[in-house]
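Geometric and topological summary
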Amino acid sequence: MLFNSYQFIFLFLPVALLGYFLVGRLGHSASVLWLTLSSLVFYSAGNWQFVPLLVASVAFNYAVGFWLISRRLPPAARFAVLATGVAGDLAVLVTFKYAGFLATNLNALFSTGLSISLLLPVGISFYTFTQIAFLVDAYRGKTAHYALPHYALFVTYFPHLIAGPILHHKDIIPQFENPESRRPNPHLILCGLIIFGIGLFKKTGLADGIQPLVALAFGPATPSFDQAWIGALAYSFQLYFDFSGYSDMAIGISLMFGIFLPLNFNSPYKAASIIDFWRRWHMTLSQFLRDYLYIPLGGNRHGRLLRYINLMITMALGGLWHGAAWTFVAWGALHGVYLCINHAWNKLVPAAAPRFAPLARLTAWLLTFVSVVVAWVLFRADSMASALVILSKMADPTHIVFGKAEIADGLFIAACAAIAWFAPNTQAIMGYDHRNRIVGADIDAWRWRPAFLYAGAAVLAFGILGISQHSEFIYFRF
Amino acid sequence: MSKPSKLLLRFLGASLLTLAAAATLNFVVDPLQLFRPAKLFAAMYSPDSRMQDAGLIRSQDFDTVFMGTSLAIHFRQSDIDRLLGVRSLKLSMTGSSSHEQSFVLAAALERHPARVIWQVDDWIFHDAPEVDQDIYLPADLYRRNARGVVGYLFSGAMARESAWILARSIPPLRPIVARLTNGIMFKFPIASVDDINTLRPEVDVAQAYNAKKATASFANITAPARSAYLAEGYDYEATVRNFERDAIGLITGHPDVAFDIYLPPYSILQWVAMRDASPTTLATVYKFSAYLAERLVQFRNVRLYDFRGVEQVTHDLSNYADVIHHSPAVDLQVLGWLAAGKYLVDREAPTEALDQLEAQVAAYRVDAELR
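Let us look at the structure shown here. What you see is a predicted model, and the numbers here were worked out from it, not measured in a lab.

The helix and strand inventory of chain A stands at 19 helices and zero strands. Against the 2.2 N^0.38 benchmark of 23 Å for 478 residues, chain A shows a C-alpha radius of gyration of 23 Å, consistent with a compact globule. Dimensions of chain A along its principal axes, counting C-alpha atoms only, are 70 × 60 × 55 Å. Within chain A, buried positions represent 53% of all 478 residues. Here the analysis covers contacts within chain A between residues at least 6 apart in sequence; of these, 76% occur between residues at least 24 apart. Of the roughly 20700 Å² of accessible surface on chain A, 68% is carried by carbon and sulfur atoms. Within chain A, one finds 30 positive and 19 negative side-chain charges whose respective centroids are separated by 9 Å.

As structure tokens, this is what we get:
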């Protein structure tokens, strides 16, 4: 089921919310069970054939986690249990997500004639990573013994199930256990609705609106210089509004249930370096990769060279996580190169003199943004060959069309850019503080409260009015 | 009631009011003329024929429906009416499959026209997925079911068009709004139904249609890197299945309607490209053409015209913008042939025209400079 659908907004969400608070009167377990069942219903709409896989994955990981937490095993046995759990998770992920890719590559190398085509279970990358983190923490002795219903809800919780944010058990399960969350809180529901409305508008008004422009670069026709840039910029903003819109909607929905989800975006296109960009873009994935891949690889503890190698491995695998194609690996590796350069620059080049600081910051921001846009070409292109064609057109200003349509497209992109670069982000507007569980503290204090309230209502309405057709979120494919 | 509860109710109320206002605006202005022909406000039309046709079927008076792909998109209804003595409604859709066409025609036939003029070719039948899988065709608008009507009324994009049409209907604003109306910003820029998807007056026909463009297109599609496209997707069995479902199903379901079906005059280069780049595709197309002709002549309410072998048109490359799309001058010739009953396929010898075409294709020699 899509957040940006009438069925979700006018049927599923009100029923799930109302049921949660009504059932909550029966007791804590009842509300947790209701929310888990609601989440499975949500997942089964359009993905019913993968519900058993999801349930089996939850049961398997809970059992492995239970073993690690409850049994006093010798270190070698503990490690074997962890390795079994992680290997089991990765085996399922590899089977569904990467088997076709592996077969294609084997074919290319050895002409095996092997062909594998499996449907990708929606959300598998997200719920696999969520649970691997749980197993690793259980192995490290950093988890409490959670009840099965709480654990099942932690994994399947519908606001995050399909495309994140990637949750951490320590952050979420205690919130499920908090009796306050079972009581309807009009303030949280209002703030949740406003955040949901902002996210919905980002998706239906901005991401879906700019989507047709992407074909200028990535469509069947060979683009000119300006068309290639318009298409690449359009995709950069489409992806941002699509995914950050989804994350806002997830946070808003969860807030209505009294649960604070972590932030996933913090105005990434305002970043003035690639390091800064990765602290602002898909933040929960960055944190996961840092804590469960980069640091276990050695992080920056073994000298500069190994640090760069670890960065490259982490980013290339991060790219592969997004999709089974060399374009994603290349995208990740390119960001790995960017990060290495960025770290080397920070180490070797002294900071600009204070009087040049604003200019240096502007240059750094522009360079960061252009680098990110160039990398998105690899991320979006159907193949390395077409990515190279588009990149070559972006570097060839000898062929420019710049007709009426391109001017109109450019204006639309400029409007999207202005929002991404200069507007406050959702958490700033709403005063959303995930760590301290605070949101909308200023709403009562604002003198312009009615205007803010009605503007929020209009944004939600415009978001709903923008629902025109079946429009999936880009990250559903990952 | 607590203060946050009051705020929440006001928020929900304001959202619902905004939604209701947009729906009311869409209902009153009705840009597609789905509920009533435009009277209060200026009628405006969209070149997006898959969407616009849903409204045209409801709002226009017609006794003849004209259907086809991009090969039939530039015809003027006034020309069809003048040359054939009918009151026509053009519903052609660029790149449309037989299933889309059949679905839209079925909706139009609910208005009981007497005649259908239908441009068909092998291509429309080769891949024809279900209309509900087609994100470009708003099938529920044609069905006028609750989902279609609600989707139309609660559409922000439509509300923007409604507001624009409303502004255009206010006399002091009319000139400036009309000047600002264009297809880039607003989807309903056409003021006359006769102008929908016709060539704009500023288009230089000689520039758009000439032998240089046709030969360049031929060189392009026969280039080794692209020629595989010519062989894509031609599964004979699937093509026949789609033909039976979409064409024969519609014809047998409406025995009281006269179907004038014509096979359009591609340039000879299209056939030669298939001959040279993908002979198996050409053989499949010939085989399907024979099947189509033999099947259609069995129905008394069908007249089949085959213009594919009209040498004076198809061999004159100055008539074409590429290897298949012909000029407006040929549009008028097609209407003239339909009016005169020329190139009507003989029920006793349904593949005779195809045999002539095959002979022309086999004999045609491409100039060396095109290679």
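Residue and element names in this part refer to chain B. Every buried residue of helix H3 (residues 77–84) is listed here: Gln77, Asp79, Ile80 and Leu84. Looking down the long axis of H3, one finds its buried residues gathered within 160° of arc, a one-sided arrangement. In the core, the buried residues of H3 are packed alongside strand S1 (64–67), strand S2 (88–90), strand S3 (115–119) and helix H16 (328–340). One or two residues past the end of H3 sits glycine 85, with phi positive at roughly 65°.

For the rest of this paragraph, the subject is the sheet that holds S1 of chain B. All names here are of chain B. Strand order across the open sheet formed by five strands is S2-S1-S3-S4-S5, with parallel pairing between neighbours. Pairing within the sheet leaves two strands with one partner each, and these edge strands are S2 and strand S5 (302–306). Taken pair by pair, the neighbouring strands of this sheet meet at an average axis angle of 15°, ignoring direction. Of the strand pairs in this sheet, strand S4 (residues 258–263) and S5 are connected by five bridges, and their pairing is parallel. Opposite phenylalanine 259, over in S5, you have valine 302 as the bridge partner. Packed on one face of the sheet, helix H14 (residues 279–296) meets S4 and S5 and runs near 150° to S5.

Okay, the pairing of S3 of chain B next. Within a regular strand, side chains alternate between the sheet's two faces. All names here are of chain B. Taking burial as the measure, the five residues of S3 include five buried ones, the bulk of the element. By the alternation rule, side chains of S3 split into Arg115, Ile117 and Gln119 and Val116 and Trp118, which are all buried. Taken together, the four bridges between S1 and S3 define a ladder with parallel strand orientation. Bridge assignment links valine 65 to a residue of S3, and that residue is valine 116. Inspection of the sheet shows S3 paired to S4 by five bridges, in the parallel sense. Within S4, the residue paired with arginine 115 across the bridge is alanine 258.

Residue and element names in this part refer to chain A. Taken together, the side chains of Leu106, Leu109, Phe110, Leu114, Ile116 and Leu118 make up a nonpolar region of the molecular surface, amounting to roughly 570 Å² of accessible area. Here isoleucine 116 lies in the loop between helix H4 (75–110) and helix H5 (124–139). Residue classification places isoleucine 116 among the partly exposed residues on the basis of a relative accessible area of 35%.

Counting 98 residues, the largest nonpolar core has Phe8, Phe196 and Phe257 of chain A as the members making the most contacts within it. Once residues within four sequence positions are removed from consideration, phenylalanine 8 of chain A is found in contact with Met1, Leu2, Phe3, Leu13, Pro14, Phe42, Phe158, Phe196 and Ile253 of chain A. The next biggest cluster of nonpolar side chains, apart from the first, holds 62 residues, and it includes Tyr45, Val131, Leu141 and Ile261 of chain B.

Residues and elements named next belong to chain A. Looking at where histidine 335 falls in the secondary structure, it is placed in helix H14 (residues 326–348). For histidine 335, a relative accessible area of 0% gives the class buried. Excluding residues that lie within four positions of it along the chain, histidine 335 makes contacts with Ile274, Phe277, Trp278, Met315, Val372 and Ala375.

A separate point is the packing of helix H6 (residues 148–156) of chain A against helix H8 (residues 169–177) of chain A. All names here are of chain A. Across the interface, H6 lies against H8 with an axial gap of 10 Å and an inter-helix angle of 120°. In terms of orientation, H6 and H8 fall into the oblique class. Viewed along their axes, H6 and H8 form a crossing whose handedness is right-handed. On H8, the residues that touch His150, Tyr151, Leu153 and Phe154 of H6 are His169, Ile172, Ile173, Phe176 and Glu177.

Here we come to H4 of chain A. All names here are of chain A. In this model, H4 (36 residues) spans only 42 Å end to end at C-alpha, well below the 52 Å of a helix rising 1.5 Å per residue. Considering bend angle alone, the principal kink of H4 is centred on tyrosine 98 and spans about 65°. Residues of H4 that are buried include every one of Arg78, Val81, Leu82, Gly85, Val86, Asp89, Leu93, Lys97, Tyr98, Ala99, Phe101 and Ala103, and no others. Buried residues along H4 sit against helix H3 (51–70), H5, helix H13 (304–322) and H14. A positive backbone phi angle near 50° is found at serine 111, which sits one or two residues after H4.

For the rest of this paragraph, the subject is the environment of isoleucine 221 of chain B. With respect to the helices and strands, the residue isoleucine 221 of chain B is situated in helix H11 (residues 211–222). For the pair isoleucine 221 of chain B and alanine 273 of chain B, spaced 52 residues apart in sequence, the C-alpha separation works out to 7.4 Å.

On to unusual backbone geometry. At histidine 282 of chain A, a residue that is not glycine, the phi angle is positive and equals roughly 40°. Tracing the backbone through its elements, the reader meets histidine 282 of chain A in the loop between helix H11 (274–280) and helix H12 (283–297). Unlike most non-glycine residues, tyrosine 343 of chain B shows phi in positive territory, near 60°. Mapped onto the elements of the fold, tyrosine 343 of chain B is located in the loop between H16 and helix H17 (352–363).

Moving on, we get to a negative patch on the surface. A surface patch of like charges, here negative, comprises Asp346, Glu348, Glu352, Asp355 and Glu358 of chain B. The residue glutamate 358 of chain B is located in helix H17 in this model.

As a further point, take the packing of H5 of chain A against H6 of chain A. Residues and elements named next belong to chain A. In contact at an axis separation of 9 Å, H5 and H6 are set at 135° when each is read in the N-to-C sense. Relative to H6, the element H5 lies oblique. Taking contact as the criterion, the partners of Tyr127, Thr130, Gln131 and Phe134 in H5 are, on H6, Tyr151, Phe154 and Val155. Residue classes in the contact of H5 with H6 are distributed as five nonpolar, two polar and no charged.

So, on to the pattern of salt bridges. Throughout the structure, instances matching the rule amount to 27 salt bridges over all chains. Between aspartate 242 of chain A and lysine 203 of chain A there is a salt bridge, with the nearest N and O atoms lying 2.7 Å from each other. Linking aspartate 242 of chain A in helix H10 (residues 225–256) with lysine 203 of chain A in helix H9 (residues 186–218), this pair joins segments that are 39 residues apart in sequence. Across this residue pair, the class does not change: aspartate 242 of chain A and lysine 203 of chain A are buried. With its nearest N and O atoms 2.9 Å apart, the salt bridge here joins arginine 245 of chain B to aspartate 246 of chain B. Taking the relative accessible area as the measure of exposure, arginine 245 of chain B reaches 33% and is therefore partly exposed. Residue class for aspartate 246 of chain B comes out buried when judged on its relative accessible area of 0%. Three or more residues are tied together by salt bridges with common partners; here these are Asp132, Asp140, Arg143 and Arg147 of chain B.

The rules behind these values
Residues numbered from 1 in each chain as written. Chains lettered and ligands numbered in written order. Predicted model: local features only at pLDDT ≥ 70, side-chain atom pairs only at ≥ 80, totals over all residues. Heavy atoms only, no water. Helix = DSSP H or I, 4+ residues; strand = E, 2+ residues; numbered from the N terminus. Rg over C-alpha atoms; globule rule 2.2 N^0.38 Å. Buried < 20%, exposed > 50% of the residue type's maximum accessible area, 1.4 Å probe, protein only. Contact = heavy atoms within 4.5 Å. Areas by Shrake-Rupley, 256 points an atom, 1.4 Å probe, with all protein chains shown as cover. Lys, Arg positive; Asp, Glu negative; His and termini not counted. Charge placed at Lys NZ, Arg CZ, Asp CG, Glu CD. Arc of directions from axis to C-beta. Pairing = 2+ DSSP bridges. Axes fitted to C-alpha atoms, helices over the stretch in contact; angles between N-to-C directions. Patch = residues over 30% accessible without salt bridge, like charges linked within 9 Å, V, L, I, M, F, W, Y side chains within 5 Å. Salt bridge = Lys/Arg side-chain N within 4 Å of Asp/Glu carboxyl O. Core = buried A, V, L, I, M, F, W, Y, C linked by side-chain atoms within 4.5 Å. Parallel < 35°, antiparallel > 145°, perpendicular 65-115°, else oblique. Left-handed = near helix turned anticlockwise from the far one by under 90°. Expected span 1.5 Å × (residues − 1). Bend = angle between axes of the 7 residues up to and from the residue. Nonpolar A, V, L, I, M, F, W, Y, C, P; charged D, E, K, R; others polar.

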